[in-house]
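# Summary of the model geometry
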Amino acid sequence: MIAEDDLLPYLRSDDRRIQLRALRSLKNSIIGHSEQKAAYLDRGVLYELLGIINTQEDGVKDPMSDECRIQAGVVLSSFAYSDPEISSRLLTPATLSTLVTTLTQYSPPALLLASLRTLTTLLTLRPTPSLVNQFPGLATSMSELISHYSTACFENYARQDVQSLTKLCTLVPLISPSHSSAQSLSSELTSPLIELVYGSFKNSQTSGVVFDSKLQSTAILALAHVLTPTAARQIAAAGPKFTNPLLALLRAPDTTTRLSAASLLTALYTSGKPELTSSSGVTRAPQITTLAMTLVPTLMKLLDDAIAAGDHGRNCDPRILHTLAIVCREGGDVTDRCVEAGLIKKIVSIVVQVAPNNHFASGRILERDGKLLSGSLLCLSALGLYNEDYRKAIIEAGALGAVVAVMNTANTPAVREVKIAACHVLRTLSRSVRLLRTTMVESGVVCGIVDLLGDVPSEEERPLLENVDTVASEPEPMDDEPVQTTVTEVPAEEDDEDEGDEEEDLEVRTAAMAAVCNLVLDFSPLRKSILDKGILPLVVSGARSRYTPLRLNSTWALKHMVFGDDMDTKDSVMSHVGFPLIMKLCEDKEIQVQEQALDFLRNLTARSEKYIDMLFDNVGVDEVFKLVDRKLSLRVVPAVDDSEQELLSTQPYYTKVIIAAAYVIVHIAAGDDRHREAVIRNETVLRKIVQLMRHENYEVRLACVWTIINLTWVEEPSRAPGEAAAAQLAGQISAGGPSSDQSQLEQSISSSAEIYSSDCRRRAMTLVRFGAREQLEYLKQDPVLDVREKTKTAIYQIDSLGGGPSLGAEDQHVENIGSVPSHGVEVAGSAMEIDSELHA
Amino acid sequence: MASFLHVPATKSHNSSFTTVVAPGLADRPANEYFVPKYLSSTCYADCVANSAVAAQLASKRAAQATGSPGLSAASSRSTFGLFDGQTTPHLYSYSDLSKHSPLPPGLPGFQAYDLQESSLASAEDVPPHLPSCWSPEGVSQSMEIFGDMLEVKFAGPPAKGNEQEAAAVRANHPIPPQCGLFYFEVEVMSRGKDGYAFPLPRTSTHTFERDDQIVNERSFIGVGFCGPKVQLNKMPGWVSDSWGYHGDDGNTFACQNSGKQYGPTFSTNDVIGCGVNFRNGTAFYTKNGIAFETAFKDLKGTLYPAVGMRTIGEHIRANFGQREFVFDIESYMREEKAKTYKQIHTFQPPLELLGGKDSATADTAITQSIHKLISSYLAHNGYVDSVRAFLGDVQKETNAFSAPKGVSYGDVNGEESEIAEDVEAINRQKIRTAVLEGNINRALKLTELFFPKVFEENPEILFQLKCRKFVELMRSCALAKEESEYTDDDEMPDISKDDEDTDMLDGEAPAKPNLADLLNEALRYGQNLHESYRNQTLLSSTTDVQKALNDIFALMAYPDPINSPVAYLLAEEGRAPVAEDLNSAILVSQGKSSVAPLERLIQHTTMLMRELAEQGGQSAFVNVQHDFLAP
């Protein structure tokens, strides 16, 4: 035995035996003694230990050296296993990199187990940036270790192997906390984890011995964590041999097992799910809904038990709420059942309990509370996503105060996830026009959101590993440089924009941008205060980001800003945005960004000859039509490895791009004569429009008919341009409610029947030449009422300009006069729908 | 994908619930006991299983007596037929009861099998049935029962304008309180003609993306339970002795027609569950697998599951445990059990009962009693070394903690006398081992050797051993035969591990006997047995010698006894009772108790719990056998 107070010199000894004895004495003297641990840390014991663990063998196997490394590892894990104050002192880049290097098959098993213990303890302590991004080899060695220990476990089920394997599985989510880093682990870890989980099922069935339930549940949770859509579909396709045991586990006595099964099943069937489009919008595949129905009782029970366990659910496993959030995003019956079971009230009670305002006033939030809060808030946002009553219920239950409190909390790593979740709640709530106009006005959310958008992390919050010498921090993987665009001028700051932006910050900005989207609509009372905060440059910079979700949401926000007739806002937006950026976004690699960018143009050009001119002047008439032509010609071109489901899931966005492009033409055709002439001169686009009148999506067909109506509308010569605009506005309103149709009808029939315009006639003839008249005839039988009605208007206008079929034209005419409900230059709505997917 | 939902991993009807067959009394048709999975570990389930075993034995004997041994097997198969899923559902209308017998012949699963020998099962021994289907005797005229007696449809005529008019059906049996918890589910197949689904008015006309259409669906169906005399023309809950949860308003009704706001409405495709908990006399409901709070309190009396309907076309299907439930009732059961045990553990009996004036002396007294129980049990069963080691440890512990205070452990030390009887205990242990190994010869010889008076005093034990010996011989034959079917070799492999031992003792059995020799030996022994006991009755015992002989000789009637209806006789499990009886007989002959105090304590507790459970209450959740003694 060496005297305790002078162990440090012995740790530095070259004699392995002395070192080993010192390590053992150290181990015995610190176990359970926090003061001792603190004292040794003060004297720099950490670096001695790391040095010993790092001892490299020079090809010669030295048992003594191995033993020293093991003991040092065990001592280190003993330091980690203390109160947070002490263990957080271990959390240094050097510790992490040393521990990570021991994670190989070639380390002594006891050292590996000790390292795994230390790592899991430390990483649970505090959110740490994805280790997999910092250590490129980590994924591979994890994969090898999991395979190795799985085999060992299935062969002889040794206790130490089970422990190591359990810790390895626990580590998987800890080294890849962000979504993208988890997905990056997938290629390495999916198959060994599937083997392990499936093996655990088989093992239980064949040997009758119940497989270690902790190992099984951590393995299932790890698999759920790294699951990609492709892997999910492969497993689902493998059939019931994998899913049936999982379903049975939903009723296991052990709650963690039940939770793990629920989260894997959720991941299996919601990631990469196909979204089927129908004429009425997006519907979910029925089997997903059925599965969600099975999961709801399990998850609700887990939540109820956690709440009943005391402390008002404060000790609830956050993963219950995260899984519930994913399930609830299905909407429909699934959400109804959760609400029926009182989920809104239960969650709000947790939120209110965990997030009292004074808790945030201190600017600190515990990691554990943070996860629980973010899960709860995500769940609330999912519950209200598709249902106005539930949004109302969320407000009535008193959630908004907590959300605002979260938004206005000082930024710390622990609060980051919570703020993202709070943004999602705000976005969900802002879907309600009523709430936008009432409760949210007073809530004081604006400052919080704008702060998040412009947020730059301060120095001490910088991620821990940024200055690790040994490992160069990997830059955010970015797309290749922009694809060929018509616009050559790319802002110079583009490339530097995101440098140094950590993925985590981008996620926060993305979520905040999603919350902004609805708040900047023209009927939102918050619009002015948000814009006054100088948000525009932040949004524009978001639209330039190379981080796709942020770029998408920013483009979306821009689209909403130019919605409506507030010319001042449009002016100020255009002063910041500039057409080059918009044109670039129209050619974005991501189809959903294209959709938003074209919707931006659609909104910009609506009822505004000024902006049509601005577009033509800045981009060039030919370029505009070339762009529209390209978009109207879009076909889904699946990537080589895309499966059918992926094709199904992106299909709607291609159609939406076509719709947006078509409406740009509708709006230009609603401009003055010059604009209409520009359209009619563009034969390629016109032919496309005529072709698209047979498109399977009714909105595309409707846009085409509107184009024809606008091109053949005969304006009263006596009307001043201002009056014409007023008429257009009236037409717009009439689209919202049928009540005003009658007066419009009478007004228009009298005028349009008499007035003759040679330009209109010529345009009508051109359209007829391209086959528009035949197509319209076909659309008279359209299944969608709106299309049929507008078709009648279009036919009436063309025919009254002499473009009708020569035979029986008179009958047609008479018949039409009686039934045409409304016409006039109609700009047919701007785009402001919000996508149902969360981009975070 | 959809096919595996709500279906457990190994889905077959047999695995999700236990079916045991118990022939009823002579004048009743066969009755099936359905013990759903969530009740499988209860005392009630054990009672059912016990009575089933008894009945099975009886039926086997009966079958033998009538010379048609296959009958009992056929009967057991046919009862499985009720829920085998193969049967096409037939629509039986019970609206005119006079035309039908209560249980129409030919209904799958109800083939009457009249037990000819009914002496074995007395009325008290038969546990009450659980509700398992709707009752053709307890159904409104407006309703039809069909689909394995689980589905009910409102066929009309509709209620004549009167809101209070309805139709109800109740289950075939009341819920026996001794099951502790009863749960059933009702799936609404159709909400009927007048149930409705209407979109609720939107609170806001503006939505700028997909918002779900909120559809509120209701049905005029009520789910609950009622007493035996409740009229069948009212909804459950509307009249006295009747409780229900209604789909049109989501209200619960307890014996009166004004409701109480309880849960959501329900309609087509919803699964409503109803649980009656006898631990605290409450009931709760579930909808689609999610439980709501307690609905009713202070429940008692005879309660039948019941469903009420009000409009034409309403159609439900019940699940009394035949299929997996949508709600996880097994978790609920586990929790209820845990609550019961928590209460038991927190109970503080009066100190004087524990033999102490203060808690310290009481604790000491308890510890001493426990030590005594353990050492006497070990000694009783002849685990001599264990007794020594145990007492040694106790002594050490006592010295370490209590010696300074001088607390006397005199009682424990008093066990010394038992240790002195080491030899006797060791011998009993040897005999027991021999019986458990199936080496009856050795057991006979050892008993003769060490305890010569036992057989003299207990001729029925000798008879029992001899019978077992015959069974063991038949068993050897059967195993040898089975093995010969797998090996082409004429020579038989070892059939018994203790051959060597047997050789040493009596040199009787050859190391590798062939099948013919074995059979001969068995026959010879059987003949001897028959000869010596042919006209004997053992006056002192209740053993029916002739019946016992008939039973075991039945083994010879089958060329392949292992796969015959009497295979149960060959089971190794049959050795333990013989060993127990022999051990007890030896102990009695030595002037000791035949049962160890620990065993007596268990027997006593078990019986107490059973008695208590008859009235329902907490004790139904305690199963001494399962919770403490199961491996």
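Everything numeric in this text was worked out from a predicted model, so none of it was measured.

Once that is clear, we can look at the overall build of chain B. Assigned secondary structure in chain B consists of 18 helices and 19 strands. Of all 631 residues assigned to chain B, the portion counted as buried reaches 47%. Intrachain contacts of chain B at a sequence separation of at least 6 include 68% that bridge at least 24 residues. Split by element, the accessible area of chain B, about 30,700 Å² in all, is 54% carbon and sulfur.

A few words on the pattern of salt bridges. Counted under the stated rule, the structure contains 53 salt bridges over all chains. Put simply, Lys688 of chain A and Asp629 of chain A hold a salt bridge, and the shortest N to O gap is 2.9 Å. Placement of Lys688 of chain A in helix α40 (residues 683-691) and of Asp629 of chain A in helix α37 (residues 621-632) is noted, with a sequence separation of 59 residues between them. For the pair formed by Lys688 of chain A and Asp629 of chain A, the shared burial category is buried. Each member of the salt-bridge network shares a partner with another, and the members are Arg468, Glu472, Arg475, Glu572 and Arg575 of chain B.

What follows concerns the nonpolar core. Grouped together as the largest cluster of nonpolar side chains are 246 residues, with contacts concentrated most on Leu343, Leu377 and Leu558 of chain A. Taken domain by domain, this core gets at least three of its residues from each of domain 1 (272-433) and domain 2 (444-621) of chain A. Ignoring sequence-local partners within four residues, the contact set of Leu343 of chain A consists of Met300, Leu303, Leu324, Cys328, Cys338, Cys379 and Leu383 of chain A. In this structure, Val276, Ala295, Phe327 and Ile329 of chain B belong to the second largest nonpolar core, which totals 58 residues.

Mapped onto this structure's residue numbering, the UniProt feature "domain: CTLH" (unreviewed entry) falls at residues 424-481 of chain B. Secondary structure over residues 424-481 of chain B splits into 90% helix and 0% strand, and the C-alpha atoms at its two ends are 39 Å apart.

Every regular strand shows the same layout, with side chains that alternate between the two sheet faces. Residues and elements named next belong to chain B. Sheet topology note: the strand β12 (residues 242-246)/strand β13 (residues 251-254) ladder contains three bridges and is antiparallel. Bridge pairing links Trp243 to Ala254 in β13. Once β12 ends, the chain turns through four residues before running back antiparallel as β13, passing Gly250 with a positive phi of about 70°. As defined by bridge partners, β13 adjoins strand β14 (residues 260-261) across two bridges and the pair is classed as antiparallel. The partner of Asn251 across the bridge, within β14, is Gln261.

Our next topic: the pairing of strand β6 (residues 151-154) of chain B. Residues and elements named next belong to chain B. Pairing between strand β5 (residues 143-146) and β6: four bridges, direction antiparallel. Bridge pairing in β6 links Ile145 to Val152. Between β5 and β6, which pair antiparallel and follow one another directly, the connecting turn spans four residues, one of which, Gly147, has a positive phi of 55°. Two strands pair when backbone bridges link them, and β6 and strand β19 (residues 314-319) are joined in this way by three bridges, in the antiparallel orientation. Paired with Glu151 across the strands is Arg317, a residue of β19.

This next bit is on the domain arrangement of chain A. Residue and element names in this part refer to chain A. As assigned here, chain A comprises domain 1 (272-433) and domain 2 (444-621). Contact between domain 1 and domain 2 buries roughly 1,400 Å² in total, counting both sides, with carbon and sulfur atoms accounting for 69%. The largest per-residue losses of area from domain 1 upon contact with domain 2 belong to Asn411, Arg416 and Cys423, which jointly make up 32% of the total buried on that side. For the pair domain 1 and domain 2, the number of links is one salt bridge.

Time to look at the sheet that holds β13 of chain B. Spatially, β4-β7-β18-β11-β12-β13-β14 (chain B) is the arrangement adopted by the seven strands of the open sheet, whose pairing is antiparallel. Each of the sheet's edge strands pairs with one partner strand only, and the pair in question is β4 (134-139) and β14 of chain B.

Residues and elements named next belong to chain B. Position of Glu472 among the secondary structure elements: in helix α12 (residues 459-484). When the C-alpha atoms of Glu472 and Arg575 are compared, they prove to be 9.4 Å apart, with 103 residues separating the residues in sequence. Other than its neighbours up to four places away in sequence, Glu472 contacts Gly438, Ile440 and Arg575.

Our focus in this paragraph is the packing of helix α15 (residues 240-249) of chain A against helix α16 (residues 255-270) of chain A. Residue and element names in this part refer to chain A. Between α15 and α16, the least distance of the axes is 8 Å, while the angle of their chain directions is 140°. Classified by the angle between their axes, α15 and α16 sit oblique to one another. The element α15 and its partner α16 pack so that their crossing is left-handed. Contacts from Phe242, Thr243, Leu246, Leu247 and Leu249 in α15 reach Thr257, Arg258, Ala261, Leu264, Leu265, Leu268 and Tyr269 in α16. Tallied by class, residues from the contact of α15 with α16 come to nine nonpolar, two polar and one charged.

Below, the discussion takes up the packing of helix α5 (residues 63-80) of chain A against helix α8 (residues 109-125) of chain A. Residues and elements named next belong to chain A. At a minimum axis separation of 8 Å, α5 and α8 run at an interaxial angle of 20°. In this view, α5 runs roughly parallel relative to α8, as classed from their interaxial angle. Seen from above, α5 lies across α8 with left-handed handedness. Contacts between α5 and α8 involve Arg69, Ile70, Gly73, Val74, Leu76, Ser77 and Ala80 from the former and Ala110, Leu111, Ala114, Arg117, Thr118, Thr121 and Leu122 from the latter. Taken together, the residues that form the contact of α5 with α8 break down as eight nonpolar, four polar and two charged.

In this section: the domain arrangement of chain B. Residue and element names in this part refer to chain B. For chain B, the assigned domains are domain 1 (25-119), domain 2 (143-342), domain 3 (351-416), domain 4 (424-589) and domain 5 (597-629). Domain 2 puts 13 residues into the contact, and the matching count from domain 5 is 13 residues. Buried surface at the junction of domain 2 and domain 5, both sides included, amounts to about 1,000 Å², of which 61% is carbon and sulfur. Among the ionic pairs, Lys337 bridges to Asp627, the shortest N-O distance being 2.7 Å. Of the residues forming the side of domain 2 that touches domain 5, the biggest block, five residues, is contributed by helix α4 (residues 329-346). The class makeup of the residues in the side of domain 2 that touches domain 5 is six nonpolar, four polar and three charged.

The rules we used
- In this convention, every chain numbers its residues from 1, walking through the sequence in written order.
- Going through the entries in the order they are written, you letter the chains from A and number the ligands from 1.
- Side-chain atom pairs in this predicted model are given and counted only at pLDDT of 80 or more, local residue features only at pLDDT of at least 70, and totals for whole chains, interfaces and linings cover all residues.
- Note that the side-chain values use all heavy atoms of the structure and ignore hydrogens as well as water.
- Per the convention used, a helix needs a DSSP run of H or I reaching at least four residues, while a strand needs a run of E reaching at least two, with both numbered from the N terminus.
- Note on exposure labels: buried denotes an accessible area under 20% of the residue type's maximum, exposed denotes more than 50%, and partly exposed covers the range between, all computed with a 1.4 Å probe on protein chains only.
- We call two residues in contact whenever any of their non-hydrogen atoms come within 4.5 Å of each other.
- Computed by Shrake-Rupley with a 1.4 Å probe, the accessible areas treat only the displayed protein chains as cover when residues are assessed.
- A carboxyl oxygen of Asp or Glu within 4 Å of a side-chain nitrogen of Lys or Arg is what we treat as a salt bridge.
- Among buried residues, those of type Ala, Val, Leu, Ile, Met, Phe, Trp, Tyr and Cys that are joined through side-chain atoms within 4.5 Å constitute a nonpolar core.
- How far each domain reaches was decided by an automatic or database domain assignment.
- UniProt positions are given in the numbering used here, feature names are shortened, and annotations may be inferred rather than shown by experiment.
- Any two strands with at least two DSSP-identified bridges between them are counted as paired.
- Accessible surface is computed with a 1.4 Å probe, and the buried area is the amount of it that two parts give up when combined, taken over both parts together.
- Axis geometry follows a simple rule: fit a line to the C-alpha atoms, using only the stretch in contact for helices, then measure angles between N-to-C directions, giving values from 0 to 180 degrees.
- Orientation is classified from the angle alone, with under 35 degrees giving roughly parallel, over 145 giving roughly antiparallel, 65 to 115 giving roughly perpendicular, and any other angle giving oblique.
- Here a crossing is called left-handed whenever its near helix is offset anticlockwise from the far helix by less than a right angle, and right-handed whenever the offset is clockwise.
- Under the scheme applied here, ten amino acids are nonpolar (Ala, Val, Leu, Ile, Met, Phe, Trp, Tyr, Cys and Pro), four are charged (Asp, Glu, Lys and Arg), and all others, including Gly, are polar.

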